[in-house]
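Understanding the architecture of this molecule
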Amino acid sequence: MKVVAAYLLAVLGGNTSPSADDIKHILGSVGADADEDRIELFLSQVKGKDITELIAAGREKLASVPSGGAGVAVAAAAAPAGAGGAAAPSAAKTKKEEKVEEQEESEDDLMFSLFD
């Protein structure tokens, strides 16, 4: 990732075709180690390609990768339906806890002021 970030910084800086030395210079300026083999591999893979096309192709590939958010939402939606009557006691318990928290907060406000 360091090599990719350094390459992108060079491109943003106006260098349309950064060399290995450019990438090493950028990484060295922040004290990061520059792995020669990784830099050469990366440069060989992006040689002759437009950076905007590479980013667009990467976005398309990432769009098909599951992020895990949908599975959690489905499980949360299915839980109340499957639980039946078990959801009602937990709702009452939550209300009790909220009342206790509100009471504690109001007591804290009386004992502390930012301007003391």
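As the structure is a prediction and not an experimental result, all values here were calculated from the model.

1. Details of the packing of aromatic side chains
All chains considered together, the criterion is met by one aromatic pair. A centroid spacing of 5.1 Å and a plane angle of 75° characterise the contact between Tyr7 and Phe42, whose relative ring orientation is edge-to-face. Here Phe42 lies in helix H3 (residues 36-46) and Tyr7 lies in helix H1 (residues 2-12), a separation of 35 residues in the sequence. For Tyr7, a relative accessible area of 6% translates into the label buried. The class of Phe42 is buried, set by a relative accessible area of 14%.

2. Some remarks on the nonpolar core
Here is a general trend for soluble globular proteins: nonpolar side chains tend to be buried in one another's company. Within the largest apolar cluster, 11 residues are counted, these being Val3, Ala6, Tyr7, Ala20, Ile23, Leu27, Ile39, Phe42, Leu43, Val46 and Ile51. Contributing elements (two or more residues each) for this core: H1, helix H2 (20-29) and H3. Per-element tally for this core: the top contributor is H3, with four residues.

3. Here we look at the environment of Ser17
Note that Ser17 resides in the loop between H1 and H2. Each C-alpha atom, one on Ser17 and one on Leu43, is 9.4 Å from the other, the two residues being 26 residues apart in sequence.

4. A look at the pattern of salt bridges
One pass over the structure, following the stated rule, counts two salt bridges. A salt bridge links Lys24 to Glu36; its shortest N-O distance comes to 2.3 Å. Residue Lys24 is located in helix H2, and its partner Glu36 is located in helix H3; the two are separated by 12 residues in the primary sequence. What makes Lys24 partly exposed here is its relative accessible area of 27%. Its relative accessible area of 36% is what places Glu36 among the partly exposed residues.

The rules we used
- Residues numbered from 1 in each chain as written.
- Predicted model: local features only at pLDDT ≥ 70, side-chain atom pairs only at ≥ 80, totals over all residues.
- Heavy atoms only, no water.
- Phe/Tyr/Trp six-rings, centres within 6.5 Å; stacked < 30°, edge-to-face > 60°.
- Helix = DSSP H or I, 4+ residues; strand = E, 2+ residues; numbered from the N terminus.
- Buried < 20%, exposed > 50% of the residue type's maximum accessible area, 1.4 Å probe, protein only.
- Core = buried A, V, L, I, M, F, W, Y, C linked by side-chain atoms within 4.5 Å.
- Salt bridge = Lys/Arg side-chain N within 4 Å of Asp/Glu carboxyl O.

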